[in-house]
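Here's the letter readout for the chains.
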Protein chains: 2
Amino acid sequence: MDTGQANVHRQNGVALWRQIADRIRASIANGDYDATGKVPPEFTLAAQFGVNRHTVRSALAALAQEGIVRSVQGRGTLIERKERLNFPITRRTRFSEGIGDQAREKEGLLLHSAQEPASTDLSARLRIPEGTPVIRLETLRKADHRPVSRSTTWFPADRFGGIEEAYSKSGSITVAFRMLGLSDYLRVSTEVTATHADGADLADLQLSPGAIILIARALNTDTEGVPVQYAVSRFPADMVQFTIEN
Amino acid sequence: MDTGQANVHRQNGVALWRQIADRIRASIANGDYDATGKVPPEFTLAAQFGVNRHTVRSALAALAQEGIVRSVQGRGTLIERKERLNFPITRRTRFSEGIGDQAREKEGLLLHSAQEPASTDLSARLRIPEGTPVIRLETLRKADHRPVSRSTTWFPADRFGGIEEAYSKSGSITVAFRMLGLSDYLRVSTEVTATHADGADLADLQLSPGAIILIARALNTDTEGVPVQYAVSRFPADMVQFTIEN
DNA sequence: TATGGTTGTCTATATTAATAGACATTTTGG
DNA sequence: CCAAAATGTCTATTAATATAGACAACCATA
């Protein structure tokens, strides 16, 4: 669709090798090299981007570090991994079902949980008085053993006491809710923004610096419209896209 | 909500000053400095990020270049501009109404138009035979004289001949559709991804290199469900967020 | 098995990014 | 008006980034 044959820029605070790495990563995700299963030769890429071959090699080294490509002397640079998960955002958005069969193994890990008073912002979103106790879960989700999202999520403590255990056991919010007597819930709003990955993202999501993060801030309610969960989730932008079906 | 007190990273291909500029820009957009209307002193920022004061100065110089801050000797670094437009994505998403009163002046510019045969991908999305003529519009949207999106959008040529003129005159897709006899249309799907800004983005959207772009790929149909428009729009991520209300 | 295409490694050099320190200049507020 | 708190400017040094060229090592295949 978009050719994207824009050239690479100097003196912008982003090293050439990183810009090139980002471009190649995007091309791979886009399926541009599917015919061969290989990235074009270093020589060709260097000419294409108008840089020295060594600069391209730096870019490929970075991608190899991420596990996306593997260079083999004499053969070329092979594509190892190529994925972009699609997350449908609907009134009935659920993480695990959303992935569907895009991944064989799905995992939900509880990194940390705590009880705390609701901040001003949070209390407004959950429609509870400021300072009301809420349970905060820090979770990491994986698909086929690759981390795909890092979430911070809050629940009213009075209604969902013990949800940390329920989630820890089941690895699923949907199941945890069910264990606590909430059989159904609805996504009422989702805000989507994007930013550069910070240190925590790099560590948790196993990204390389300079990566882009998609952020979704979501509010779920029960069928009566009473807020039950507010979540801020961070996804690696090169692995994930959101789809909103109306 | 998220404190974001992650530190800055070295040797990642992204210059420290750029990482710091991005962080400060985000803090400004987030309203962190609203109390004073000023960015903290260079000394303080340097300590906060663990870098030399000169490095912070480079970051602030970049933000000044973007018109976001203005440094005044003796006083400090004043915040000039602070905006993040919100775009609701619903079944009845329209650009101009979506912005609503978030901007006083709204503009839609036609950069270029052409007629071309539909590609494989496009024909599938618009549900027309491959190669069927489509009209492509390249548009730029502004709010209060600042560019907020750069779109490429396609229409079936047989049904919407002359839409380039209609858009050019009105600066609005909604109005252009109406001029061609389509009084109503619906957003059926939107895909959201993010990437680094490329050269064209930098030029068209007046961004500084390294900026992040939110990409929305949208399909609109008439009330009968027949596709009438497919659009790929690019938004500066630090100025825009999407909201999906279910 | 020879050859062309490809990645791996090495040396050298120039430019950019980052640190460090000192001091000048300007504004604000007591 | 003075002092504190800012930003502005200058010099010097080190580390990271990028270019350039040459050649070795390896793989596929004709």
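About the thresholds
Residues numbered from 1 in each chain as written. Chains lettered and ligands numbered in written order. Predicted model: local features only at pLDDT ≥ 70, side-chain atom pairs only at ≥ 80, totals over all residues. Heavy atoms only, no water. Near = heavy atom within 4 Å. Polar contact = N/O pair within 3.5 Å; in protein donor to acceptor, adjacent residues only side chain to side chain. Helix = DSSP H or I, 4+ residues; strand = E, 2+ residues; numbered from the N terminus. Least-squares fit on C-alpha atoms with pLDDT ≥ 70 in both. Contact = heavy atoms within 4.5 Å. Buried area = accessible area lost by both parts, 1.4 Å probe. Salt bridge = Lys/Arg side-chain N within 4 Å of Asp/Glu carboxyl O. Nonpolar A, V, L, I, M, F, W, Y, C, P; charged D, E, K, R; others polar. Phe/Tyr/Trp six-rings, centres within 6.5 Å; stacked < 30°, edge-to-face > 60°. Buried < 20%, exposed > 50% of the residue type's maximum accessible area, 1.4 Å probe, protein only. Lys NZ or Arg CZ within 6 Å of the ring centre and 35° of its normal.

Chemist: I'd love a proper account of the protein's contact with DNA strand C, names of residues and values included.
Modeler: Contacts to DNA strand C come from 23 residues, most closely from Gln 73 of chain A together with Leu 16, Trp 17, His 54 and Thr 55 of chain B. Counting only atoms of DNA strand C within 4 Å of the protein, the fraction found in sugar and phosphate groups is 69%. One nitrogen or oxygen atom from the side chain of Arg 53 of chain A is found 2.8 Å from a base nitrogen belonging to DNA strand C. A distance of 2.5 Å separates a sugar or linking oxygen of DNA strand C from a polar atom in the side chain of Gln 73 of chain A. When contributions to the surface near DNA strand C are tallied by element, the ones reaching two or more residues are helix 3 (53-65), strand 2 (69-72) and strand 3 (76-79) of chain A together with helix 1 (16-29) and helix 3 (53-65) of chain B. With 3 residues, helix 3 of chain A is the single largest residue contributor to the surface near DNA strand C.

Chemist: How would you sum up the relation of the copies chain B and chain A? Please name residues and give values.
Modeler: Here chain B sits on chain A after a turn of 180° about the axis and a move of 0.0 Å along it, with an RMSD of 0.1 Å. This pairing of chains is accounted for by a two-fold axis. When C-alpha positions in chain B are compared against the rotation axis, the closest is assigned to Val 14 of chain B, at 2.2 Å. Most of the interface of chain B is mirrored in chain A: 100% of its interface residues are interface residues there too.

Chemist: Give me the lowdown on the interface of chain B and chain A, citing residues and values where you can.
Modeler: Contacts between chain B and chain A engage 49 residues on the former and 49 residues on the latter. When chain B packs against chain A, close to 3,900 Å² is buried across both sides, 60% of that on carbon and sulfur atoms. Connecting chain B to chain A are 0 salt bridges. Elements that contribute at least two residues to the side of chain B that touches chain A include exactly helix 1, helix 5 (120-126), strand 8 (186-196), helix 8 (199-204), strand 9 (212-221), strand 10 (227-236) and strand 11 (240-245) of chain B. Ranked by residues supplied to the side of chain B that touches chain A, first place goes to strand 8 of chain B with 10 residues. Within the side of chain B that touches chain A, the residues separate by chemical class into 22 nonpolar, 15 polar and 12 charged.

Chemist: Any details on the packing of aromatic side chains? Residues and values, ideally.
Modeler: Think of a pair of aromatic rings as described by two things: how far the centres are apart, and how the planes are tilted against each other in angle. All chains considered together, the criterion is met by 16 aromatic pairs over all chains. Plain terms: the ring middles of Trp 154 of chain A and Tyr 230 of chain A are 6.1 Å apart, the flat faces sit at 25° to each other, and that makes the pair stacked. Separated by 76 residues along the polypeptide, Trp 154 of chain A in strand 7 (residues 146-156) and Tyr 230 of chain A in strand 10 (residues 227-236) bring together distant segments of the chain. Taking relative accessible area as the criterion, Trp 154 of chain A reaches 6% and is therefore assigned buried. Each member of the aromatic cluster is reached from another via a ring pair, and the members are Phe 155, Phe 160, Phe 177 and Tyr 185 of chain A. Its guanidinium or amino end placed over the ring of Tyr 185 of chain A, Arg 94 of chain A lies 3.7 Å from that ring's centre, counting from NZ or CZ. A cation sits over an aromatic face here: Arg 53 of chain B above Phe 43 of chain B, 5.7 Å from the ring centre.

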